[in-house]
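Next come the chains, spelled out residue by residue.
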Amino acid sequence: MTSKVISIVLGGGQGSRLSPLTATRSKPAVPIAGKYRLVDIPISNCLHSGITRIYVLTQFNSASLNKHIKNTYHFSSFSDAFVDILAAEQTPSSVAWFQGTADAVRQSLHHLAVHEFEYVLILSGDQLYQMDFEDMINHHIETNAEISIATIPVDAADVPGFGILKTDENNMITSFIEKPKSNFESWASEVSPEMQAEGRVYLASMGIYIFNRKLLYELLEGNERTDFGKEIIPQSIEGHRVASYQYEGYWTDIGTIPSFFEANLGLTDNIPKFNLFDKNPIYTRARMLPPSKISGTLMEKSIVADGCIINAKQIIHSIIGIRTRIGVNTIIENCYVMGSDNYQTLEEIAECKESGSPIMGIGDNCHIQNAIIDKNTYIGNNVIINCGEKLEDGDYGTHTVQDGIVVVKKRAIIPSGTVI
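Cut-offs applied
- Residues numbered from 1 in each chain as written.
- Predicted model: local features only at pLDDT ≥ 70, side-chain atom pairs only at ≥ 80, totals over all residues.
- Heavy atoms only, no water.
- Helix = DSSP H or I, 4+ residues; strand = E, 2+ residues; numbered from the N terminus.
- Rg over C-alpha atoms; globule rule 2.2 N^0.38 Å.
- Buried < 20%, exposed > 50% of the residue type's maximum accessible area, 1.4 Å probe, protein only.
- Contact = heavy atoms within 4.5 Å.
- Areas by Shrake-Rupley, 256 points an atom, 1.4 Å probe, with all protein chains shown as cover.
- Lys, Arg positive; Asp, Glu negative; His and termini not counted.
- Charge placed at Lys NZ, Arg CZ, Asp CG, Glu CD.
- Phe/Tyr/Trp six-rings, centres within 6.5 Å; stacked < 30°, edge-to-face > 60°.
- Lys NZ or Arg CZ within 6 Å of the ring centre and 35° of its normal.
- Core = buried A, V, L, I, M, F, W, Y, C linked by side-chain atoms within 4.5 Å.
- Domains from an automatic or database assignment.
- Buried area = accessible area lost by both parts, 1.4 Å probe.
- Salt bridge = Lys/Arg side-chain N within 4 Å of Asp/Glu carboxyl O.
- Polar contact = N/O pair within 3.5 Å; in protein donor to acceptor, adjacent residues only side chain to side chain.
- 1 Å grid on protein atoms, 1.4 Å probe; cavity = no way out; pocket = protein on both sides within 12 Å on 5 of 7 lines; lining within 4 Å.
- Points joined across faces, edges and corners; volume = space filled by probe spheres on them.
- Nonpolar A, V, L, I, M, F, W, Y, C, P; charged D, E, K, R; others polar.
- Arc of directions from axis to C-beta.

Asker: What's the story with the overall build of the chain in this structure? I'm lost.
Answerer: Along the chain, the regular secondary structure elements total nine helices and 29 strands. The C-alpha atoms of the chain give a radius of gyration of 23 Å, which matches the 22 Å a tight globule of 420 residues would have. Considering only C-alpha atoms, the chain reaches an extent of 70 × 50 × 40 Å along its principal axes. Put simply, the chain has 420 residues, and 53% of those count as buried. Restricting to contacts in the chain with at least 6 residues of sequence separation, those with at least 24 account for 64%. For the chain, the accessible surface area stands at approximately 18800 Å², while carbon and sulfur atoms represent 48% of it. Of the side-chain charges in the chain, 34 are positive and 48 negative, and the distance between the mean point of each set is 6 Å.

So this is what it looks like as structure tokens:
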């Protein structure tokens, strides 16, 4: 695939639905599973599929993403492989920000033009899945398609949240409807017996596309269409061969705090739907961290990343990210603790204790449940979070509440004795 395909990972817009996790970082840079970033998922899928020329398009809060890409993806000097950031930029022909997915690719076409390739693989930077793109590209070639769309069967309850596609007997897409609310029974398509048994008979677009090079340039140049899902794809179905590539594995779109929270905690299941222990690993930054040190802690259905110092009483159904410190007699339940970017020195810890201010991490005698603790937070002793009645949604300065999930903001300081 190396010489045939260039991949573009769309970094997404402002990411307001993932706020406050996106207050200082772009969506692809949001930490996941305690040690990875969301952008590592599509990039790893590409590399395992033999696709080694990858552009990541961003425009909001791209500094941390740039740093992660720079520190992670290094290739041989004798290889043409790369993972490069393309941030929105002003040029003589365009002075505006990216106006949508199609507009982002349009403004980046001049960067692609210097390469030899036949197909462009367009991916989202905020999805969790494992897919063999080589199989999808081979399907694209075998069906003589000009555009291929990865589709996943969904049931009737999920239909209103997706663009739904109808296919013929040759898996060619014949029609498209954007997020129908009712009267969509006639939109059922041919799916496998396993999917039929689950009632998943509607094909939803996954936002993963393959375009023939020539057609992509034709569709984007000389017009002002800004979005693939709302404009380019629906308008291409009648005049071009648009194929459906059905995918039946695990896939989730991490666009909101509840979906992000659920996807992370789902990784702690005995047999998770997304397998971190697959033969094809997720690539990320190689950190030279010590192994985690755990003392006197009862742990159940939890994941602990590298470099942690844990003296907690219990950690249940939670993910503990890199360099996390947790004090004695603390209970963590149903939480994603992202960890820290650095350690405090022993001198800094001593100064904090002398002044009565929290050290980085989670202090002693705390009880925290149903929460996301962003990076580099300072949570004091005897802090209780989300252990009472369901909290009202809102922004409370150091934290937000969404659908009953407390999100403690990055670098927030929660004084000892606080009750949230």
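Let us keep going from here.
Asker: What am I meant to see in the packing of aromatic side chains here?
Answerer: Given two aromatic rings, their pairing is described by the distance between the two centres and the angle made by the two planes. Applying the stated criterion to the full structure yields nine aromatic pairs. Following the ring pairs from residue to residue traces out a cluster consisting of Y209, F211 and F228. R213 extends its terminal NZ or CZ atom over the ring of F117, reaching a point 4.1 Å from the ring centre.

Asker: Please explain the nonpolar core as it appears in this structure.
Answerer: Most often, soluble globular proteins have nonpolar side chains that are buried together. If you look at the biggest cluster of nonpolar residues, it comprises 67 residues, and the most contacted ones within it are M131 and I208. Per element, the largest residue contribution to this core is six residues, and it comes from strand β11 (residues 202–212). In terms of domain composition, this core takes at least three residues from each of domain 1 (5–268) and domain 2 (293–414). In this view, M131 contacts N45, S49, M136, A150, M206, I208, Y245 and Y247; residues no more than four positions away in its chain are not counted.

Asker: Would you mind going over the domain arrangement of the chain with me for this structure?
Answerer: One widely used convention gives an interface's size as the accessible area the parts lose upon coming together. Along its sequence, the chain is organised into domain 1 (5–268) and domain 2 (293–414). The gap between the C-alpha centroids of domain 1 and domain 2 is 34 Å. Tallying the contact residues gives 21 residues for domain 1 and 26 residues for domain 2. Carbon and sulfur atoms make up 68% of the surface buried where domain 1 meets domain 2, a total of about 1800 Å² over both sides. For the pair domain 1 and domain 2, the interface holds one salt bridge. Linking domain 1 with domain 2 are ten residue pairs in polar contact (both at pLDDT 80 or more), by the criterion used here.

Asker: Would you mind showing me how to read helix α6 (residues 213–220) here?
Answerer: Note that an α-helix has 3.6 residues per turn; residues three or four places apart therefore point the same way. Along α6, the positions that sit buried rather than exposed are L215, L216, Y217, L219 and L220. Taken together, the buried residues of α6 touch α3 (101–112), β6 (119–124), β8 (147–154), β11 and α7 (228–236).

Asker: Can you help me understand unusual backbone geometry in this one?
Answerer: Residues apart from glycine generally show negative phi values, whereas peptide bonds are mostly found in trans. Each neighbour pair has its own omega, and for S19 with P20 the value is 10°, a cis peptide bond. Within the secondary structure layout, P20 lies in the loop between β1 (5–10) and β2 (31–32). Positive phi values are uncommon outside glycine, yet N144 reaches one of about 55°. Positionally, N144 belongs in the loop between α4 (133–142) and β8. Owing to a relative accessible area of 54%, N144 belongs among the exposed residues under this scheme. Backbone geometry places R323, a non-glycine residue, at a positive phi of 60°. Along the polypeptide, R323 turns up in the loop between β19 (319–320) and β20 (325–326). Note on R323: relative accessible area 14%, which makes it buried.

Asker: Is there a simple way to think about the layout of surface pockets in this case?
Answerer: Leftover empty space is mapped by rolling, across the atoms, a probe with the size of a water molecule. By volume, the second largest pocket is sized at about 340 Å³. Lining the second largest pocket are 20 residues, with K353, I359, G363, D364 and N381 positioned closest to its centre. Here the lining of the second largest pocket takes three residues from helix α9 (residues 346–355), the largest share from any one element. Class assignment for the residues of the lining of the second largest pocket results in nine nonpolar, eight polar and three charged.

Asker: Before we go on, may I ask you to explain helix α2 (residues 63–72) in this structure?
Answerer: For α2, the full list of buried residues reads L65, H68, I69 and T72. Buried residues of α2, viewed axially, fall in a sector of 95°; they line one side. In α2, the exposed positions angled more than 90 degrees off the buried face are occupied by A63, K67 and K70. Contact partners of the buried residues in α2: β3 (36–37), α1 (40–48), β4 (53–58) and β5 (82–87).

Asker: Sorry if this is basic, but what is going on with the pattern of salt bridges here?
Answerer: In a structure, side chains of opposite charge can pair up when their charged atoms sit close to one another. Counted under the stated rule, the structure contains seven salt bridges. Where R25 meets D374, a salt bridge forms, and the shortest distance between an N and an O atom there is 3.0 Å. Taken as a pair, R25 in the loop between β1 and β2 and D374 in the loop between β23 (367–373) and β24 (378–379) lie far apart in primary sequence, 349 residues in all. Here R25 and D374 have matching classes, each one buried. For D341, the salt bridge goes to K375, with nearest N and O atoms at 3.0 Å.

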